[in-house]
Amino acid sequence: PLIDVMLVLLVIFIVTAPLLTHAVKLELPRADAAVNEPEPAKIEFAIDAAGTRFWNGEPVGREEAARRFAEEGAKRPQPQVQLRADRDAAYRHVAETLADVKPYPSGQQIIRPLDNPIKKDSHLVVFYGNLAPTGAVGKITGKEGLRFEGKAIVFEGEEKALKAILNGTVKKGHVIVIRSEGPKGGPGMREMLAPTSAIMGKGLGKDVALITDGRFSGGSHGFVVGHVTPESYVGGPIALVKNGDKIIFDAVKRTLTLDVHAKELAKRKKAWKKPAPKYPRGVLAKFAAHVTSASEGAVTDKDLKL
């Protein structure tokens, strides 16, 4: 699927590009190319030996490349990807590539003592609250702040959220809620690298937050909270969120709060109906039937007796 291909591309080309010692190119047909064209127009993404990224020959930064991959990815349900070494680029040895890199400053402290850390506590925060009674996990570096309050904009699945981010539906002050991505509802827990990359590419990194019952990538940054449990498929509170609801993150108190009265939530819970499984038969159906909550490790052998 396209999103899976995008994840691989983003990791290989966007994150690890500086490690490459020779140039590579990625080519994919344009979304607007006619089906009957003998040679569909290509979009070319290249990384030269120095790690510089180019989109159709134009130098682009990492976040801009991520945004464009996400945008193009949303247009292509089934991409055709070609990866090859750039025949026109000269091979470079690592020493030559790093020739202009300055050495570390004299006396620079790389590993800091326990009494003088860069950050006094972990960047991983486990949240609890009426939106995550059995927990959720956030990666909070502190650069994005320690508190966020915004209005929910809800999506059933990653693809719908990605499209809304790219077309401008998601705006400053929104809390993006991506549900139906938990262990049972997915089934599995896809990582939300494409939406979080698109958020940064759109320049919304400090202005929106994202919560999901799926996962988020180690490469993600911004106010992102995943592993929200119980998940929406089993009727967890995230399933009851509606557009416009106020959601409050507090990384100091470690709380994730849906600012809706308990009576209203009880009313929504009573009206909630469990969605049909995405896979009624086969391996994924069996996985969804046996997998536990993410708060229990999303394992399939919890009650296994041999």
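Predicted model only: the values in this text are computed from it and were never measured. (Residues numbered from 1 in each chain as written. Predicted model: local features only at pLDDT ≥ 70, side-chain atom pairs only at ≥ 80, totals over all residues. Heavy atoms only, no water.)

J.: So what exactly am I meant to see when it comes to the overall build of the protein chain here?
T.: The number of helices and strands found in the protein chain is seven helices and 13 strands. In the protein chain, buried positions account for 43% of the 306 residues. Counting only contacts in the protein chain whose residues sit at least 6 apart along the sequence, the fraction spanning at least 24 positions is 65%. Counting only carbon and sulfur atoms, one obtains 56% of the accessible surface of the protein chain, whose full area is about 17,400 Å². (Helix = DSSP H or I, 4+ residues; strand = E, 2+ residues; numbered from the N terminus. Buried < 20%, exposed > 50% of the residue type's maximum accessible area, 1.4 Å probe, protein only. Contact = heavy atoms within 4.5 Å. Areas by Shrake-Rupley, 256 points an atom, 1.4 Å probe, with all protein chains shown as cover.)

J.: For this particular structure, what's the right way to read the packing of aromatic side chains?
T.: Two aromatic rings, taken as a pair, are described by how far apart their centres are and by the angle between their planes. Taken as a whole and judged by the stated rule, the model has three aromatic pairs. Ring geometry for phenylalanine 148 and phenylalanine 223: centres 6.1 Å apart, planes at 50°, overall tilted. Here the residue phenylalanine 148 occupies a position in strand 8 (residues 147-156), and phenylalanine 223 occupies one in strand 11 (residues 223-226), the gap between them amounting to 75 residues. Neither residue differs from the other here; phenylalanine 148 and phenylalanine 223 are each classed as buried. (Phe/Tyr/Trp six-rings, centres within 6.5 Å; stacked < 30°, edge-to-face > 60°.)

J.: Got a minute to help me understand the pairing of strand 13 (residues 255-258) in this structure?
T.: Regular strands have side chains that alternate between both faces of the sheet. Burial of strand 13 is one-sided: the residues Leu256 and Leu258 facing one way are buried, the residues Thr255 and Thr257 facing the other way are not. Taken together, the four bridges between strand 12 (residues 246-250) and strand 13 define a ladder with antiparallel strand orientation. By the bridge assignment, isoleucine 248 is partnered in strand 13 with threonine 257. Here strand 12 folds back onto strand 13 in antiparallel fashion, the turn holding four residues, of which arginine 254 has a positive phi close to 60°. (Pairing = 2+ DSSP bridges.)

J.: I tried to follow the environment of arginine 68 on my own but got confused; where do I start?
T.: If you trace the backbone, arginine 68 turns up in helix 2 (residues 62-73). Between the alpha carbons of arginine 68 and lysine 202 there is a distance of 9.9 Å; along the sequence they are 134 residues apart. If near-sequence neighbours (up to four positions away) are discounted, arginine 68 is found in contact with Trp55, Glu58 and Val60.

J.: I tried to follow the nonpolar core on my own but got confused; where do I start?
T.: The nonpolar side chains of soluble globular proteins are, as a tendency, buried together. Val177, Ile211, Ile247, Phe249 and Leu256 are the most contacted members of the largest nonpolar core, which totals 26 residues. Those elements giving two or more residues to this core turn out to be strand 6 (124-129), strand 7 (132-139), strand 8, strand 9 (174-179), strand 10 (209-212), strand 11, strand 12 and strand 13. A per-element tally of this core places strand 8 first, with three residues. In this structure, Ile153, Phe155, Val170 and Ala194 belong to the second largest nonpolar core, which totals 20 residues. (Core = buried A, V, L, I, M, F, W, Y, C linked by side-chain atoms within 4.5 Å.)

J.: Just to check I follow, could you spell out the pattern of salt bridges for this structure?
T.: Under the counting rule described, the total for this entry stands at eleven salt bridges. Between arginine 215 and glutamate 191 there is a salt bridge; the shortest N-O distance is 3.7 Å. Of this pair, arginine 215 sits in the loop between strand 10 and strand 11 while glutamate 191 is found in the loop between strand 9 and helix 5 (193-201), placing the two residues 24 residues apart along the sequence. If you follow the salt bridges from partner to partner, you end up with Arg147, Glu149, Lys246 and Asp259 in one network. (Salt bridge = Lys/Arg side-chain N within 4 Å of Asp/Glu carboxyl O.)

J.: Would you mind going over unusual backbone geometry with me for this structure?
T.: Of all residues except glycine, most have a negative phi; of all peptide bonds, most are trans. Geometrically, the link from glycine 186 to proline 187 is a cis peptide bond, its omega value of -15° lying close to zero. By the secondary structure assignment, proline 187 is in the loop between strand 9 and helix 5. Looking along the chain, the bond that leaves threonine 229 and enters proline 230 is cis, with omega of -5°. Following the sequence through the fold, proline 230 ends up in the loop between strand 11 and strand 12. Positioned with a positive phi, histidine 227 is a non-glycine residue whose angle comes to about 55°. For histidine 227, the position within the fold is in the loop between strand 11 and strand 12. A residue is classified by how much of its surface remains accessible, and histidine 227, at 26% relative accessible area, is partly exposed. One non-glycine residue, arginine 254, lies in the positive phi region at around 60°.

J.: Just checking my understanding: could you explain the confidence of the model for the protein chain for this structure?
T.: Atomic detail in the predicted coordinates should be set aside for any region of low pLDDT. Looking at the protein chain, the pLDDT average stands at 81 and 77% of residues meet or exceed 70. Segment residues 11-23: pLDDT under 50, and 38 contacts once partners within four positions in sequence are set aside and those in other chains are kept. Confidence drops under pLDDT 50 across residues 86-90; counting only partners more than four residues distant or on other chains, this segment forms four contacts. (pLDDT = per-residue confidence, 0-100.)

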